[in-house]
Amino acid sequence: MSEETPKKRGLFGRLFRRGGGEAVEPPEPDEEPTSGEEADAPAPAEPPADQEPSPEEEPLPEPEGVGEAPPPEPAEAPPVPVPEEEGEAEEGSGEDFPARAGFLARLRQGLAKTRQGLAQKVDRVLFGKKEIDAETLDELEEALVTADLGVATVMRLVDEIREKVSRKELVRPEALREHLKAAIREILVAEEARPAPEGVRPWVIMVVGVNGVGKTTTIGKIGARFRREGKRVILAAGDTFRAAAIEQLEIWGDRIGAQVVRHQQGSDPAAVAFDAVEAGKARNVDVVIVDTAGRLHTKRNLMEELKKVRRVIGKALPGAPHEVLLVLDATTGQNAVSQARLFHEAVGVDAIALTKLDGTARGGVIVAICDELKIPIRYIGIGERVEDLRPFDAQGFVDALF
Ligand SMILES: Nc1nc2c(ncn2[C@@H]2O[C@H](COP(=O)(O)OP(=O)(O)O)[C@@H](O)[C@H]2O)c(=O)[nH]1
Ligand SMILES: [Mg+2]
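Because the structure is predicted, anything quoted here is derived from the model rather than measured.

Chemist: Sorry, what's going on with the pairing of strand S5 (residues 323–329) here?
Modeler: S5 sits mainly inside the fold: six of its seven residues count as buried. Inspection of the sheet shows strand S1 (residues 203–208) paired to S5 by four bridges, in the parallel sense. From the neighbouring strand, Val 207 faces S5, where its bridge partner is Leu 325.

Here it is, written out as structure tokens:
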């Protein structure tokens, strides 16, 4: 490809020159500690959200790579509002304008950094331009790649725009902006997750993802949403790798009024999942949400373990899990796309929750995920509060961005 696209090589030449040595990932030995105690080791805090690693970094397709940064500490779990604190149900009623406005304002606020990383970059490219020339398009391409939209997606979008410009269908810079917004919306709308069907009981969600992406927190938030709807929820402490992970889930269970099925640390996660689903059937609960580990001794072990958990859930309840939900951390940019590929190949992913959009300018990665992987986005996380986990709404998302 580099042969026939000197212009693109120019773009990548520019990209590769910038910010070369920045490290995205915490240095991560491939060897796993054998003690099983790594969770208790002092570990780096949250990945530095403000420090935007440059997208030219090769994505690290190791699920272990990103995950280790923030070991979940129960003590650090977010201050949890009561589950019924805020529901879109009332807000959507139309009579409740201030609440609705507040809801959208928080979405905008949560996406502020991504807006800077994407829309404002585009605006800077277009600022003061009278017409759309080749240089503008090169700059646009670069802006979109650095906004983490993914190289393949950006090439397609910009090629399309180039065509339209050459046919004079796009002339004014403002029209280009509108076109881009519409094109992004189209990509995202196609991957909006459909609502889960009613009436399947218990509805079993298996949550997967590397350590630190926000699985357990997201489970707590999702559980809170179901509880707010009056549903009965069981959480399964399937991350048996670390004691802290089990405790963290129990804290969430207490907060949201959900039972937690747990075994002791080190036990077989598939057995925990099995018991949870059995308990769900016996107690006639509505939803069973299964937490899983993000790391084992090798990546292969992790994937094998997840496959087994999946299989065993299906033994307890044919047809289950009804949804395998992959949690991805937006701050990891293109790495999130690589993780999605790996997990999808191994266990089959039905939907994605993209967390930590509030802490990063790399939220544009959602476009790459939708365009390249075609896996529906079910939730986005825009903060640590319960109401900061939102069902994904493509239109609202794009409006908050542009
Ligand atoms: N700012 C922010 N932090 C989040 C979000 N989702 C999760 N977190 C934080 O990410 C950290 C790791 O979460 P955890 O659920 O323990 O990850 P797990 O290892 O995948 O289970 C915790 O400190 C969470 O509070 C989010 O949407 N925004
Ligand atoms: Mg966890």
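Let's pick the thread back up.
Chemist: Any chance you could explain the pairing of strand S7 (residues 377–381) here in plain terms?
Modeler: In the case of a regular strand, side chains alternate between the two sheet surfaces. For S7, a buried count of five out of five residues is recorded, marking the element as mostly surrounded by other parts of the structure. Here three bridges tie strand S6 (residues 351–355) to S7, and the two strands are oriented parallel to one another. The residue of S7 that forms the bridge with Ala 353 is Tyr 379. Of the crossover connections in this fold, the one passing from S6 over helix H15 (residues 365–373) to the parallel S7 is right-handed. The pairing of S7 with strand S8 (residues 389–391) spans three bridges and is classified as antiparallel. Bridge pairing in S8 links Gly 381 to Leu 389.

Chemist: Teacher, can you tell me more about helix H12 (residues 269–282) here?
Modeler: Three or four residues apart is the spacing at which side chains of an α-helix point the same way, because the helix has 3.6 residues per turn. Taking 1.5 Å as the rise per residue, H12 with 14 residues should run 20 Å; its terminal C-alpha atoms sit 20 Å apart, in good agreement. All of the buried residues along H12 are Pro 269, Ala 270, Val 272, Ala 273, Phe 274, Ala 276, Val 277 and Gly 280. Contacts from the buried residues of H12 go to S1, strand S2 (233–236), strand S3 (259–261), strand S4 (287–290) and helix H13 (299–316). Immediately beyond the C-terminal end of H12, within one or two residues, lies Asn 284, with a positive phi of roughly 60 degrees.

Chemist: Before we go on, may I ask you to explain the environment of Thr 292 in this structure?
Modeler: As for its placement among the helices and strands, Thr 292 is situated in the loop between S4 and H13. In the structure, Thr 292 is positioned 51 residues away from Phe 241 in sequence and 9.0 Å away in space, judged by C-alpha atoms. Ignoring sequence-local partners within four residues, the contact set of Thr 292 consists of Met 206, Val 207, Val 208, Gly 238, Asp 239, Pro 269, Leu 306 and Val 309.

Chemist: Looking at this model, I keep getting lost on unusual backbone geometry. Mind explaining?
Modeler: Only a minority of non-glycine residues have a phi that is not negative, and only a minority of peptide bonds are not trans. Of the consecutive residues Arg 201 and Pro 202, the connecting peptide bond is found in the cis state with omega at -10 degrees. Relative to the helices and strands, Pro 202 resides in the loop between helix H9 (173–189) and S1. Here the amide bond leading from Ala 320 into Pro 321 is cis, since omega sits at -5 degrees, within 30 degrees of zero. The topology assignment puts Pro 321 in the loop between H13 and S5. If you check the backbone angles, Lys 374 has positive phi at about 55 degrees while not being a glycine.

Chemist: Sorry, what's going on with the nonpolar core here?
Modeler: Generally speaking, nonpolar side chains in soluble globular proteins are found buried as a group. One finds Leu 235, Ala 236, Ile 289 and Val 290 to be the most contacted residues of the largest nonpolar core, which totals 101 residues. Ile 289 has contacts with Ile 205, Val 207, Ile 219, Ile 222, Gly 223, Val 233, Leu 235 and Ala 236, leaving out every residue within four places of it along the chain.

Chemist: What is the right way to look at the confidence of the model for the protein in this model?
Modeler: A low pLDDT means the predicted coordinates there should not be read in detail. Within the protein, residue pLDDT values average 81, and 75% of them lie at 70 or more. Note on residues 1–10: pLDDT is under 50 here. Beyond four places in sequence and across chains, it has two contacts. Scored below 50 in pLDDT, residues 12–96 makes 120 contacts in the model with residues more than four places away or belonging to other chains.

Chemist: What's the story with the sheet that holds S6 in this structure? I'm lost.
Modeler: The strands making up a sheet are joined through hydrogen bonds of the backbone, oriented either antiparallel or parallel. The mixed open sheet is built from eight strands, whose spatial order is S3-S2-S4-S1-S5-S6-S7-S8. In this open sheet, the two edge strands, each paired with only one partner strand, are S3 and S8. Going across the sheet, the axis of each strand differs from the next one's by a mean of 25 degrees, ignoring polarity. Set on the sheet, helix H10 (residues 215–228) makes contact with S1, S2, S4, S5, S6, S7 and S8; between it and S2 the angle comes to about 170 degrees.

Chemist: Could you clarify how one ought to interpret helix H7 (residues 134–146) in this entry?
Modeler: The terminal C-alpha atoms of H7 lie 19 Å apart, and with 13 residues this matches the ideal 18 Å at 1.5 Å per residue to within 8%. Taken as a whole, H7 has its buried residues at Leu 140, Glu 141, Glu 142, Ala 143, Leu 144, Val 145 and Thr 146.

Chemist: What should I look at first to understand the environment of Arg 378 in this one?
Modeler: The topology assignment puts Arg 378 in strand S7. C-beta crowding within 10 Å serves as the criterion here: with 25 such atoms nearby, Arg 378 is assigned to the buried category. With 51 residues separating them in the primary sequence, Arg 378 and Val 327 have C-alpha atoms 10.0 Å apart. Discounting residues that sit within four places of it in the chain, Arg 378 has contacts with Ala 193, Leu 325, Ala 351, Ile 352, Ala 353, Pro 391 and Phe 392.

Rules behind the numbers
Residues numbered from 1 in each chain as written. Chains lettered and ligands numbered in written order. Predicted model: local features only at pLDDT ≥ 70, side-chain atom pairs only at ≥ 80, totals over all residues. Buried ≥ 20, exposed ≤ 12 C-beta atoms within 10 Å, placed from the backbone. Helix = DSSP H or I, 4+ residues; strand = E, 2+ residues; numbered from the N terminus. Pairing = 2+ DSSP bridges. Right-handed = clockwise from strand over helix to strand, strands pointing away. Expected span 1.5 Å × (residues − 1). Contact = placed C-beta atoms within 7 Å. Core = buried A, V, L, I, M, F, W, Y, C linked by C-beta atoms within 7 Å. pLDDT = per-residue confidence, 0-100. Axes fitted to C-alpha atoms, helices over the stretch in contact; angles between N-to-C directions.

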